[in-house]
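Observations on chain architecture
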Amino acid sequence: MNFKEYLKDNIVYLDGGMGTLLQAQGLAPGEYPERWNITHPEIITNIHKDYFDAGSNVVCTNTFGANILKFSEEELEEIIKAAIENANGARKQSKNSAEKFIALDIGPSGKLLKPLGDLDFEDAVSVFAQTVKLGAKYGADLVIIETMNDSYETKAALLAVKENCDLPVIVSNAYGEDKKLMTGATPQAMVALLEGMGADSIGANCSLGPRQLRGVVEELLSCASVPVVLKPNAGIPKAVDGKTVFDITTEEFATEVADLIKSGVRLVGGCCGTTPEYIKALYRASKGLTPCKLTDKNKTVVSSYTHAVEFGESPVLIGERINPTGKKRFKQALMENDIDYILNEGVNQQEKGVHILDVNVGLPDINEVEMIKTAVCELQAVTNLPLQIDTADTCAMEAALRRYNGKAMINSVNGKKESMEAVFPLVKKYGGVVVALTLDENGIPETAQGREEIAKKILAKAKEYGIDKKDIIFDTLAMTISADSRSALATLGALKTIKEELGCHTSLGVSNVSFGLPVRDAINGVFFALALENGLSAAIMNPYSADMMKTYYSYRALKDMDDNCADYIEASSEFAQVIAPTQMTEKTKEEYKSELQSAIIKGFKEKSAIITAEILKTSAPLDIVQEEIIPALNMVGKGFEEKTVYLPQLLMSAESAKSAFEKIKEAMPDKNAKDKGTVVIATVHGDIHDIGKNIVKLLLENYGFNVLDLGKDVPPEVVVDKVVETNAPLVGLSALMTTTVPAMEETIRQLKKRAPWCKTVVGGAVLTQEYADKIGADKYARDAMETVRYAETVIK
């Protein structure tokens, strides 16, 4: 029986932790556990066998950190080959009669992807692809992608699996106490992305214990149509006598996880701190349980890197302004590669309340493939709204979908055979909700019935590609009533029948109905209301239109979609003032933050530099820092601490501030360029994951600290030598894996001995306040901003 067949009707027991078991067997601080596949195969094989004997159906190869960034091509192949051989040996030796499978284990690369980090998306795909190819070559039964805390890296890994093998794939992410990934994604956003790309199972692992992950699991179960996987830690880690221990017993762990099996979790195992005893207890506690039946949640959902937008609960607004059609200034921006203009359009529409941004950059005289790829990546750096990829060029469509961080809306496909054959394979590969135009080789039918027939044809063809109707939204095509006075009736009639008879969601470019008429907004607003009453799910519209926004808020209030009419009341004061940003009066501008602060907060790097250069003509450099840059950073930092701003926005604001600082430095004589003090930072010995460290570095530098970054996998002696050499008052240490925390403890021990004046601040996914206290750290920082705040108290 293969894994997919077994998964259909069974609870699947995975294995538990590996790192803590290897530490108990003598894995030294800083030593790569993956090399033990070659140097200590008998130990690895015995651990796998113990898990099989305990009841595991699946063991993960000891390859969590096995990638080309860490090992040479030759060593990588040797490691993966040996890892699978060890697991196979355990399978043969185990006396447990249950079905047994071997999963190629893939963990994070340790790098943050562009634009937030330095690893390009395609390079990340290549890194994971090399590991996947070797896993498939040497006989893995499936792939497990786990402990990913960034949706974009998760997508890169899943894409690598899908493009390089046909093995089943489980994807598990590491959620924090706020039920989000480090870069902001909610469980619903991850389900949208991963189900769209064809993951066989989706879930959560690491970071927290089963009790703390319950909320995440409940959200996953509420929206996932595929089996949900859970691999929690054995509670919260502590340091006792120099060793890492966890605070949940085997029986407590088993009871908590078994209860979640009753709620619907289908695949269960453990992560950090769990051992074969934990799996044995879990197996005993849940042995008689029947797996809950899987149900298709039938949700039409798109997502960004932070959140999902679901169709059907309330009308969805799609901002139409990022489109050159009829927009002379926008065409000019495209021709001049003025990306900041495009970004402004996106951010301004978000501020007006749209839920999705349409992105159309098609012009005859530009390279649309490169431009739409750039526009998508840059927009996602400054706004967290989902995007609608709007292009007739399938090459441009694929380039955008490949780079898009989330599940995109795709505009569009139609009933023509060549259109469906070109677009549907892209929808199937990358995921997405595709807008289907009700036209075909014979043009646009004049009747509602004719458009419904085309919709049926599109649904039938989509089914051949494995695309469900929940991922298709029909556009029944609003035509101008100035040319045909009955055209609106046909559009509305088709909306109603497609919604009621076919059970599909709908979308319209509302403003097309008034083309050629005076006072177009009046017609658009009324037509929008009629369309909503006839089943319209989403509208591509101008959010600066007062009539359109009045209709939207009024409709929601009248349809009991707006509790206590709160949204209507809040928006009503703006109805008379809804005008495009380019039409703002000087008085309106004065009500906003300063132009530089606004650019930094929104993450506009080039604009921040240009504005700073202009302000320097009339203001002192240090005044700009204290009155403009630092207040903007503080505003974003406060939002991050309050969970209203997410990590990507924080980093892009920091990059924008960095651009402004560069101009400040150019204008300041060296003798006046003072910093607040020196901070030494490093990822500890044996750990190659430097995402957190790099984020801390960027923010500390923006707040004026001189940061000495020693890199990753840094021995304790190197850290201490640099502190002694520079007399640094503060050291920041980072660790992702439990196996490397002892190296952090050793570094702190040596610092206290040789540099007693120096304070230490520590952070990382496996750390807690109690753990930090046990290893002797002076401060535990949950995130980068907390490190900055601490540095400001230590270095005055």
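The rules behind each value
- Sequence positions are assigned chain by chain, starting from 1 and proceeding in written order.
- Confidence filtering applies because this is a predicted model: local features only for residues at pLDDT of at least 70, side-chain atom pairs given and counted only at 80 or more, and all residues used for totals across whole chains, interfaces and linings.
- Only hydrogens and water are set aside; all other atoms, that is, all heavy atoms of the structure, feed into the side-chain values.
- Confidence per residue, as judged by the predictor, is encoded in pLDDT with a range of 0 to 100.
- By definition in these notes, contact holds between two residues if any of their heavy atoms fall within 4.5 Å.
- One requirement defines pairing of two strands: DSSP has to find at least two bridges between them.
- Strands are runs of DSSP state E lasting at least two residues, helices are runs of H or I lasting at least four, and both sets are numbered from the N terminus onward.
- An automatic or database domain assignment supplies the start and end points of every domain.
- Points on a 1 Å grid over protein atoms alone make up a cavity when a 1.4 Å probe fits among them but cannot get out, and a pocket when they form an open set with protein on both sides within 12 Å along at least five of seven lines; lining residues each have an atom within 4 Å of a point.
- Grid points are joined across faces, edges and corners, and a volume is the space filled by probe spheres set on the points.
- Polarity classes work like this: nonpolar for Ala, Val, Leu, Ile, Met, Phe, Trp, Tyr, Cys and Pro, charged for Asp, Glu, Lys and Arg, and polar for all others, with Gly in that last group.
- Remark: exposure states derive from per-residue accessible area (1.4 Å probe, protein chains only) relative to the maximum for the residue type, with buried under 20%, exposed over 50%, and partly exposed in between.
- In this scheme Phe, Tyr and Trp rings, the latter by its six-membered ring, pair at centre separations within 6.5 Å, and the angle between planes marks the pair as stacked below 30 degrees, edge-to-face above 60, and tilted otherwise.
- Helix axes are fitted to C-alpha atoms over the stretch in contact, other axes to C-alpha atoms as well, and angles between N-to-C directions run from 0 to 180 degrees.
- Just so you know how the angles are binned, under 35 degrees is roughly parallel, over 145 roughly antiparallel, 65 to 115 roughly perpendicular, and the rest oblique.
- Call a crossover right-handed when, viewed with both strands pointing away from you, the route from the first strand across the helix to the second goes clockwise.

Observations concerning the confidence of the model for the protein chain
Looking at the protein chain as a whole, the pLDDT averages 92, with 96% of positions reaching at least 70. Scored below 50 in pLDDT, residues 578–592 makes 12 contacts in the model with residues more than four places away or belonging to other chains.

As for the sheet that holds strand β25 (residues 779–780)
In space, the five strands of this open sheet follow the order β22-β21-β23-β24-β25, with parallel pairing throughout. Both edges of this open sheet fall to β22 (706–709) and β25, since each of them pairs with a single strand only. In terms of strand pairing, strand β23 (residues 730–734) meets strand β24 (residues 759–763) through five bridges, oriented parallel. Residue G732 lies in a different strand from β24, and its bridge partner there is V761.

Brief notes about the domain arrangement of the protein chain
Under the domain assignment used here, the protein chain contains domain 1 (3–286), domain 2 (300–313 + 387–576), domain 3 (586–667) and domain 4 (678–794). Computed from C-alpha atoms alone, the centre-to-centre distance between domain 2 and domain 4 is 51 Å.

Thoughts on empty space enclosed by the protein
Space left empty within the atom packing is revealed by a probe, the size of a water molecule, rolled over the atoms. In total, this model carries one cavity of 30 Å³ or more according to the counting rule given. Estimated volume of the largest cavity: approximately 430 Å³. Listed by contribution, the elements that provide at least two residues to the lining of the largest cavity are α2 (19–24) and β4 (142–148). Sorting elements by how many residues they give to the lining of the largest cavity places α2 first, with three residues. Residue composition of the lining of the largest cavity, by class: 11 nonpolar, 12 polar and five charged. Of the residues that make up the lining of the largest cavity, three or more belong to each of domain 1 (3–286) and domain 4 (678–794).

Some remarks on helix α11 (residues 276–286)
Those residues of α11 lying buried are P276, Y278, I279, A281, L282 and S286. Looking at the packing, one finds that the buried side of α11 touches β1 (12–13), α2, α4 (41–54), α10 (250–263) and β10 (267–268).

Some details on the packing of aromatic side chains
One pass over the full model with this rule turns up nine aromatic pairs. A ring pair is formed by Y13 and Y283, whose centres lie 5.1 Å apart and whose planes are at 70°; its orientation type is edge-to-face. Taken together, the positions of Y13 in strand β1 and Y283 in helix α11 put the pair 270 residues apart, joining distant regions of the chain. Owing to a relative accessible area of 5%, Y13 belongs among the buried residues under this scheme.

Some remarks on the packing of helix α15 (residues 394–403) against helix α16 (residues 417–430)
Two numbers describe how α15 lies on α16: the axes approach to 11 Å, and their chain directions differ by 5°. When the axis of α15 is compared with that of α16, the two are roughly parallel. Residue-level inspection shows T394, M397, E398, L401 and R402 of α15 in contact with α16, the latter providing A422, V423, L426, K429 and Y430. Tallied by class, the residues present in the contact of α15 with α16 amount to six nonpolar, one polar and three charged.

Some points on the pairing of strand β16 (residues 409–414)
Sheet faces and side chains relate simply in a regular strand, where the side chains alternate between the two faces. Of all six residues in β16, six are buried, a share of seventy percent or more. Inspection of the sheet shows strand β15 (residues 387–390) paired to β16 by three bridges, in the parallel sense. Its bridge partner being in β16, I389 is matched across the sheet by I410. The parallel pair β15 and β16, bridged by α15, forms a crossover whose chirality is right-handed. Inspection of the sheet shows β16 paired to strand β17 (residues 433–437) by five bridges, in the parallel sense. Residue pairing across strands places I410 opposite V434, the latter belonging to β17. For the crossover that starts at β16, traverses α16 and ends in the parallel β17, the hand is right-handed.

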